[in-house]
Amino acid sequence: MSKQKGKTDKKLSCSDCGVLNCHTRTKSFPQFCLTTNADKAELENIVELYRGDNLMARIARSAAEIEGLYYGKLTRVEEIIAFAKRLGARKIGIATCAGLINETKIFAQILEAKGLESYSVLCKVGSIDKSRIGIPDELKINKGCHESLCNPVMQAKLLNNEQTDLNVINGLCVGHDSLFIQYSKAPVTTLITKDRVTGHNPAAALYTSGFYYKRLLQEEKDS
């Protein structure tokens with residue numbers, strides 16, 4: 001695998017590619033391409049995984065079919081509904097941020113209108129103060145009072161108890177979403193990715209990284 005010479009001797013990956021030939025195969029693969037350098041036996045094993053009758057295979061095919069049928073035609077809300085129905089999911093779990101509970105209520109109404117059952121669990125479930133896990137008062141948003149920590153593991157366990165078929169993340173914090181995915185028994189997809197600064201549009205910071213958010217490209221100095 002090729003390496004780019006520099007201060008970190010960086011190992012090249014897909015973000016360094018200007019060809020993207022793996023998509024349509026109309027050009028040539030670069031020398032460092034992960035496709036041409038992939039283990040062929042492992043790749044075939046993955047293809048077989050997608051071709052079977054297991055849940056992973058049904059997810060792969062359902063997602064690919066929805067992409068082909070509705071690309072650029074349906075909103076994310078509609079795609080989740082189409083995915084759930086194609087997958088045969090009837091009960092949809094919603095792991096929601098407290099700050100997006102109104103959006104969750106609307107989403108639950110939409111699911112019901114489309115013939116799907118929903119069950120929601122708020123991130124603050126359990127009402128455990130952050131101090132219980134060693135968070136000092138000065139690191140709370142609101143000082144000197146009870147401030148509940150987000151509890152994604154409990155969210156996942158409660159939805160597991162409800163035997164949901166598909167779980168949807170609605171605005172969980174960075175890191176809390178990781179914990180939820182780790183503990184969820186049902187497959188997980190995301191409706192809203194939280195970004196309090198950009199109105200929950202994280203891509204906005206990337207689109208404006210050359211001007212408004214150019215600080216994102218400033219290298220951090222070693223401390």
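Use the structure listed above.
Residues numbered from 1 in each chain as written. Predicted model: local features only at pLDDT ≥ 70, side-chain atom pairs only at ≥ 80, totals over all residues. Heavy atoms only, no water.

Ile92, Phe107 and Leu111 are the most contacted members of the largest nonpolar core, which totals 20 residues. Broken down by secondary-structure element, the contributors of at least two residues to this core are α4 (76-87), β3 (91-96), α5 (101-113), β5 (166-170) and β6 (188-192). Here the element with the most residues in this core is α4; it accounts for 6 residues. Residue contacts for Ile92: discarding those within four places in its chain leaves Ala84, Leu111, Leu116, Glu117, Ser118, Tyr119, Thr164, Leu166 and Val168. Counting 10 residues, the second-largest nonpolar core is a separate cluster that includes Cys150, Leu159, Cys173 and Phe180. (Core = buried A, V, L, I, M, F, W, Y, C linked by side-chain atoms within 4.5 Å. Buried < 20%, exposed > 50% of the residue type's maximum accessible area, 1.4 Å probe, protein only. Helix = DSSP H or I, 4+ residues; strand = E, 2+ residues; numbered from the N terminus. Contact = heavy atoms within 4.5 Å.)

A few words now on the layout of surface pockets. What the largest pocket holds in volume is close to 370 Å³. Along the wall of the largest pocket there are 21 residues; nearest its centre are Lys124, Lys130, Leu149, Cys150 and His176. For the lining of the largest pocket, the secondary structure elements donating two or more residues are α6 (152-161) and α7 (176-183). For the lining of the largest pocket, the class distribution of residues is 12 nonpolar, 4 polar and 5 charged. Estimated volume of the second largest pocket: approximately 170 Å³. Together, Ala63, Ile66, Glu67, Arg76, Glu79, Ile80, Phe83 and Thr189 line the second largest pocket. (1 Å grid on protein atoms, 1.4 Å probe; cavity = no way out; pocket = protein on both sides within 12 Å on 5 of 7 lines; lining within 4 Å. Points joined across faces, edges and corners; volume = space filled by probe spheres on them. Nonpolar A, V, L, I, M, F, W, Y, C, P; charged D, E, K, R; others polar.)

Below, the discussion takes up helix α2 (residues 40-51). Compared with the 16 Å implied by 1.5 Å per residue over 12 residues, the 17 Å span of α2 between its first and last C-alpha is a close match. Its side-chain oxygen placed 3.1 Å from the backbone nitrogen of Ala41, Asp39 serves as the N-cap of α2. (Expected span 1.5 Å × (residues − 1). Polar contact = N/O pair within 3.5 Å; in protein donor to acceptor, adjacent residues only side chain to side chain.)

Another point: the packing of aromatic side chains. With the rule as written, the count across this model stands at 0 aromatic pairs. Its guanidinium or amino end placed over the ring of Tyr119, Lys91 lies 5.7 Å from that ring's centre, counting from NZ or CZ. (Phe/Tyr/Trp six-rings, centres within 6.5 Å; stacked < 30°, edge-to-face > 60°. Lys NZ or Arg CZ within 6 Å of the ring centre and 35° of its normal.)

Now for the packing of α4 against α5. Closest axis-to-axis distance for the α4/α5 pair is 11 Å, and the angle between their directions is 45°. Taken as axis vectors, α4 and α5 run oblique relative to one another. As for how α4 packs across α5, the hand of that crossing is right-handed. Between α4 and α5, the residues in contact are Val77, Ile80 and Ile81 and Phe107, Ile110 and Leu111, respectively. Within the contact of α4 with α5, the residues separate by chemical class into 6 nonpolar, no polar and no charged. (Axes fitted to C-alpha atoms, helices over the stretch in contact; angles between N-to-C directions. Parallel < 35°, antiparallel > 145°, perpendicular 65-115°, else oblique. Left-handed = near helix turned anticlockwise from the far one by under 90°.)

With that out of the way, let us pick up the pattern of salt bridges. This model, assessed by the stated rule, comprises 8 salt bridges. One salt-bridge network, held together by shared partners, links Lys91, Glu117 and Glu162. (Salt bridge = Lys/Arg side-chain N within 4 Å of Asp/Glu carboxyl O.)

Let us now look at unusual backbone geometry. Phi angles above zero are rare outside glycine, and Leu20 is one such case at about 55°. If you trace the backbone, Leu20 turns up in the loop between β2 (10-11) and α1 (21-24). Although it is not a glycine, His200 adopts a positive phi angle of roughly 65°. As for its position among the elements, His200 is in the loop between β6 and α8 (203-207).

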